[in-house]
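Remarks on the overall topology
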Amino acid sequence: MAATKVSLKLLVDARGQRVLFAEAGKDFVDFLFNIMSLSVGTVVRLLNKEGMVCSLGKLYESIEKLSDVYMQPFQDKDALLKPKILISGATNLTQLLPNIESSKDSEHKGFYRCGCCGSQSYIAEDPKATYPQCRNTMTCPVQLVETQKKASSSEAGGGFVKGVVTYMVMDDLMVEPMSTISSIALLNRFNVKDVCSLEEKTITFGMDEAVKLLKASLQSKTVLTDIFFGKRANVSEHRCPIEHVATASSSLSSEEAGYVKGLITYVIMNDRVVSPM
């Protein structure tokens with residue numbers, strides 16, 4: 001497992017109390033890119049429901065509290081609350097975000113086929129599944145053959161981007177390769193008049209900062225400044241007061257479609273709390 005801390009160099013406008021950009025290596029950029037592979041359910045779990053932006057935490061809580069009686073028999077709430085993410089490039093990533101998977105979550109279920117009729121047209125993750133044609137239980141284990149990948153060099157080290165490059169990460173998390181010309185252009189863009197007010201700070205970026213970055217990225221366009229200088233005046237905690245109640249009912253013709261059962265009317269609050277009517 002890769003180290004859980006990385007080093008960043010920040011170019012800081014001390015007078016304006018803002019981060020202009022960060023000079024980062026492969027580990028940090030891989031971490032940023034991997035955020036895009038996270039599901040909404042995973043993000044809510046990482047930030048905790050109370051720390052979520054506005055209504056997503058409430059929606060997550062509704063799914064947690066909703067009785068299985070209202071769920072379709074073939075649907076599992078964990079598919080929404082604890083989805084599995086498979087990313088081919090996400091190997092040897094720096095472990096900056098907390099590991100929220102339990103041993104049960106990470107347990108490999110395996111794959112199975114019907115051992116009676118010998119057909120391999122269907123496979124299942126659950127050995128109790130029923131084969132559609134002969135209706136027998138699919139208990140015969142099969143092995144999944146993964147796609148062969150080109151062996152990465154020790155220099156590349158997996159992940160998403162190449163390692164022999166220094167990257168510039170803007171305050172709003174825009175990422176581009178570092179260059180002297182782009183640095184000078186940035187100073188003009190930020191209208192920096194006094195270069196004496198600029199400072200270079202080397203900081204250690206660990207798990208606490210990673211969680212703060214994930215949360216700030218959903219709320220702000222000055223993410224690095226918010227983390228290392230505190231929240232700016234133009235960034236406020238989002239509150240979503242309940243203004244009205246809407247009702248929604250299933251309009252699908254098939255009772256087996258979707259996640260919840262039809263013929264039931266659900267109350268949807270303004271903050272996205274969902275419950276049966």
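Note that this is a predicted model, so its numbers are computed, not measured. (Residues numbered from 1 in each chain as written. Predicted model: local features only at pLDDT ≥ 70, side-chain atom pairs only at ≥ 80, totals over all residues. Heavy atoms only, no water.)

**Comments concerning the overall build of the protein**
- On a plain count of helices and strands, the protein comes out with eight helices and 10 strands.
- A burial count over the protein gives 32% of its 277 residues as buried.
- Sequence separation of 24 or more characterises 61% of the internal contacts of the protein that already satisfy a separation of 6 or more. (Helix = DSSP H or I, 4+ residues; strand = E, 2+ residues; numbered from the N terminus. Buried < 20%, exposed > 50% of the residue type's maximum accessible area, 1.4 Å probe, protein only. Contact = heavy atoms within 4.5 Å.)

**Things to note about the packing of helix 1 (residues 26-35) against helix 7 (residues 207-217)**
- Direction vectors running N to C along helix 1 and helix 7 enclose 40°, while the axes themselves pass 12 Å from each other. In terms of orientation, helix 1 and helix 7 fall into the oblique class. The interaxial crossing formed by helix 1 with helix 7 has right-handed handedness. Taken together, the residues of helix 7 that come into contact with helix 1 (itself represented by Phe 28, Phe 31, Leu 32 and Ile 35) are Ala 210, Leu 213 and Leu 214. (Axes fitted to C-alpha atoms, helices over the stretch in contact; angles between N-to-C directions. Parallel < 35°, antiparallel > 145°, perpendicular 65-115°, else oblique. Left-handed = near helix turned anticlockwise from the far one by under 90°.)

**Things to note about the confidence of the model for the protein**
- Considering every residue of the protein, the mean pLDDT works out to 77; 74% of them sit at 70 or more.
- Confidence, expressed as mean pLDDT per element, reaches its minimum in the protein at strand 8 (residues 245-249) with 46 and its maximum at strand 5 (residues 167-170) with 96.
- Throughout residues 232-253 the model reports pLDDT below 50, and contacts reaching past four residues in sequence, or to other chains, amount to 44 contacts. (pLDDT = per-residue confidence, 0-100.)

**With respect to the nonpolar core**
- The biggest cluster of nonpolar side chains holds 29 residues, and the ones touching the most others in it are Phe 28, Phe 31, Leu 32, Val 169, Phe 205, Leu 213 and Leu 214.
- Of all the secondary structure elements, the ones that give two or more residues to this core are strand 1 (6-13), strand 2 (18-24), helix 1, helix 2 (40-47), strand 5, strand 7 (198-205), helix 7 and helix 8 (223-229).
- No other element matches helix 1, which puts five residues into this core.
- One finds Phe 21, Met 168, Met 170 and Leu 186 within the second-largest nonpolar core, a separate group that totals eight residues. (Core = buried A, V, L, I, M, F, W, Y, C linked by side-chain atoms within 4.5 Å.)

**A few points about the pairing of strand 2**
- Counting buried positions over the seven residues of strand 2 gives five, a clear majority of the element.
- Remark: four residues form the turn of the hairpin made by strand 1 and strand 2, two consecutive strands paired antiparallel; Gln 17 in that turn has positive phi of roughly 50°.
- Direction of pairing for strand 2 relative to strand 5: antiparallel, over a ladder of four bridges. Its bridge partner lying in strand 5, Ala 24 is registered against Tyr 167. (Pairing = 2+ DSSP bridges.)

**Here's the deal with the side chain of Asp 13**
- Structurally, the position occupied by Asp 13 is in strand 1.
- Residue classification places Asp 13 among the buried positions, given a relative accessible area of 8%.
- The contact partners of Asp 13, leaving out residues within four places of it in the chain, are Arg 18, Leu 20, Ser 197 and Leu 198.

**What to know about the state of the cysteines**
- Counted by the stated rule, this structure contains zero disulfides.
- As a non-bridged cysteine, Cys 140 has Cys 114 as the owner of its nearest cysteine sulfur, 8.6 Å distant. (Disulfide = S-S within 2.5 Å.)

**Some thoughts on the environment of Arg 15**
- Take Arg 15: it is sitting in the loop between strand 1 and strand 2.
- The spatial distance from the C-alpha of Arg 15 to the C-alpha of Glu 199 is 9.8 Å, given a sequence separation of 184 residues.
- Not counting residues up to four positions away in its chain, the partners in contact with Arg 15 are Asp 194 and Ser 197.
- One polar contact links Arg 15 to Asp 194, side chain to side chain, over a distance of 3.2 Å. (Polar contact = N/O pair within 3.5 Å; in protein donor to acceptor, adjacent residues only side chain to side chain.)

**So, the sheet that holds strand 6 (residues 175-177)**
- Read across the open sheet, the five strands follow the order 6-5-2-1-7; overall the sheet is antiparallel. One side of each edge strand has no neighbouring strand; the edge strands of this open sheet are strand 6 and strand 7. Neighbour-to-neighbour, the strand axes of this sheet turn through a mean angle of 30°, independent of strand direction.
- Two elements, strand 1 and strand 7, share eight bridges in a ladder whose sense is antiparallel.

**Notes on the pattern of salt bridges**
- By the definition in use, this model includes five salt bridges.
- Note that Asp 194 and Arg 15 form a salt bridge whose closest N and O atoms lie 3.2 Å from each other. Within this pair, whereas Asp 194 is found in the loop between helix 6 (180-189) and strand 7, its partner Arg 15 is found in the loop between strand 1 and strand 2, the two being separated by 179 residues in sequence.
- Residue classification places Asp 194 among the partly exposed residues on the basis of a relative accessible area of 26%.
- Note that Asp 30 and Lys 26 form a salt bridge whose closest N and O atoms lie 2.8 Å from each other. With Asp 30 and Lys 26 both in helix 1, this residue pair falls four residues apart, about one helical turn. In this pair, the class of Asp 30 matches that of Lys 26, namely buried. (Salt bridge = Lys/Arg side-chain N within 4 Å of Asp/Glu carboxyl O.)

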